[in-house]
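Below are the chains, spelled out letter by letter.
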Amino acid sequence: MSSTVEARTDSAASGERRGARRRQKGIKGNALWFWVFVGPFVLGLLIFSYLPIIWSLVLSFFEAYNTATPSKFVGLQNYIDMLTDQNFLSSLGTFTIFAVFIVPLTFVLSLALALLVNQVKIARAFFRSVFFLPTACSYVVASLIWRLSIFNGVRFGLANTVLGWFGIDNIAWLSTVSPPWYWLPLVTVRLWLQLGFYMILFIAGLQRISPTLYEAAYVDGAKPGWQIFRYITLPQLRATSVAVLILNLIAAYQAFDEFYNLIGNVNYARPPLVYLYGISLGSIQDLGHGSAGALILAVIIMLVTLLQSRIFGFGKAGD
């Protein structure tokens, strides 16, 4: 009897060991396939993102003219030069004006589009696709269309053609500084390109709102329209709204393609990235000061993002 029990115990123990070995082998196999699929992306991220950032940090403390190899250590002098450079400070002012236009307009219009599309009962997927499609367009291509076909400054441009119907003279949209008409093509092309993306974010937020909240509001006597939007919809979209504001502000800081392809590297409307591009890859090719300016811009973006998250309470448990 005891020998039978011992045999069963040994058999169970050996079965557990075999099961443990199979599980361990399965874990190793899963880990191997994980790195097979993820490894190339991680490697690309290290080579094309993190290493350039680290090397840019190194270059920001050295003189580096016409070469990516540091030559003379200058410490914080590059940062001091950039923070006292009036052209760089002016480029930050250009961004501020651009953000004042683009951030509120994008927020309001994308939210309005999301509310309209979300109310559509027929062909909702079609309308979502139509408004989202411009996000797949290249910023360079869109900028060239805006420059050559819509706001080209001659009577054959779409904008001046429409103005001509009302007897208004042609406007040189991209070169008129007073009044600053160049802001109209810059802002409209960015709106056309990004509204669909933020609309999708708001639609996702709207679909998370429980219908019982609206039913309870109607029972309590709330009127459809502004009251429902003010006291139900907008508070429930707080997390999505803050995310849209943060992403939009970061995107505004990184504005480059529309400015460079519409009006070029001009003093009256030059965002930070266009100015840094001119320093680093222009005739001077000063990679030391260019790297310092890029890191200053990155720190500004980080601080503004953290401040905005702090003000709006983004990431709290209630979100």
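Quantities reported herein were computed from a predicted structural model and do not represent experimental measurements.

Caption draft 1: Structural context of the overall build of the protein chain. Of the regular secondary structure elements, the protein chain holds 13 helices and two strands. Going through the 319 residues of the protein chain one by one, you find that 35% of them count as buried. Accessible surface computed for the protein chain: about 19400 Å², of which carbon and sulfur atoms make up 68%.

Caption draft 2: A look at the nonpolar core. Met 82, Phe 98 and Phe 259 are the most contacted members of the largest nonpolar core, which totals 63 residues. Setting aside residues no more than four positions away along its own chain, Phe 98 makes contact with Trp 183, Leu 186, Val 187, Arg 190, Ala 252, Ala 255, Glu 258 and Phe 259.

Caption draft 3: Quick look at the environment of Asn 265. Relative to the elements of secondary structure, Asn 265 occurs in the loop between α11 (257-262) and α12 (272-281). In this structure, the C-alpha to C-alpha distance between Asn 265 and Tyr 277, residues twelve residues apart in sequence, is 9.1 Å. Residues contacting Asn 265, with those up to four places away along its chain left out, are Arg 270, Val 274 and Gly 278. Engagement of the side chain of Asn 265 in a polar contact is seen with the side chain of Arg 270, the distance being 3.0 Å.

Caption draft 4: Layout of the pattern of salt bridges. Counted according to the given criterion, the structure contains one salt bridge. Across the pair Glu 258 and Arg 190 runs a salt bridge, and its minimum N-O distance is 2.7 Å. Here Arg 190 lies in helix α7 (residues 183-208) and Glu 258 lies in helix α11, a separation of 68 residues in the sequence. Across the pair, exposure class does not vary: Glu 258 and Arg 190 are buried alike.

Caption draft 5: Structural view of the packing of aromatic side chains. Enumeration over the complete set of coordinates arrives at 20 aromatic pairs. Judged by centre distance (3.6 Å) and plane angle (20°), the ring pair of Phe 95 and Tyr 253 falls under stacked. Placement of Phe 95 in helix α3 (residues 86-119) and of Tyr 253 in helix α10 (residues 238-253) is noted, with a sequence separation of 158 residues between them. Each member of the pair, Phe 95 together with Tyr 253, is buried. Seen in terms of ring centroids, Phe 98 and Trp 183 are 6.3 Å apart; in terms of plane orientation they differ by 25°. Their pairing is stacked.

Caption draft 6: Structural view of the packing of α3 against helix α4 (residues 124-132). Closest axis-to-axis distance for the α3/α4 pair is 9 Å, and the angle between their directions is 155°. With respect to α4, the element α3 is oriented roughly antiparallel. Judged by the sense of rotation from one axis to the other, the crossing of α3 with α4 is right-handed. When α3 is examined against α4, the residues Leu 113, Val 117 and Asn 118 are found in contact with a partner set consisting of Arg 124, Phe 127, Arg 128 and Phe 131. Partitioning the contact of α3 with α4 into residue classes produces four nonpolar, one polar and two charged.

Caption draft 7: A look at helix α9 (residues 226-236). Along α9, the positions that sit buried rather than exposed are Ile 228, Phe 229, Ile 232 and Thr 233. Along the axis of α9, the buried residues cluster in a sector spanning 125°; they form a single face. Opposite the buried face of α9, by more than 90 degrees, sit the exposed residues Trp 226 and Tyr 231. For α9, the elements touching its buried residues are α3, α7 and α8 (211-219).

Caption draft 8: Representation of the side chain of Asn 160 within the structure. As for its position among the elements, Asn 160 is in helix α6 (residues 158-165). The class for Asn 160 is buried, based on a relative accessible area of 2%. Setting aside chain neighbours within four positions, we find Asn 160 in contact with Gly 153, Val 154, Arg 155, Asn 170, Ile 171 and Trp 173.

Cut-offs applied
Residues numbered from 1 in each chain as written. Predicted model: local features only at pLDDT ≥ 70, side-chain atom pairs only at ≥ 80, totals over all residues. Heavy atoms only, no water. Helix = DSSP H or I, 4+ residues; strand = E, 2+ residues; numbered from the N terminus. Buried < 20%, exposed > 50% of the residue type's maximum accessible area, 1.4 Å probe, protein only. Areas by Shrake-Rupley, 256 points an atom, 1.4 Å probe, with all protein chains shown as cover. Core = buried A, V, L, I, M, F, W, Y, C linked by side-chain atoms within 4.5 Å. Contact = heavy atoms within 4.5 Å. Polar contact = N/O pair within 3.5 Å; in protein donor to acceptor, adjacent residues only side chain to side chain. Salt bridge = Lys/Arg side-chain N within 4 Å of Asp/Glu carboxyl O. Phe/Tyr/Trp six-rings, centres within 6.5 Å; stacked < 30°, edge-to-face > 60°. Axes fitted to C-alpha atoms, helices over the stretch in contact; angles between N-to-C directions. Parallel < 35°, antiparallel > 145°, perpendicular 65-115°, else oblique. Left-handed = near helix turned anticlockwise from the far one by under 90°. Nonpolar A, V, L, I, M, F, W, Y, C, P; charged D, E, K, R; others polar. Arc of directions from axis to C-beta.

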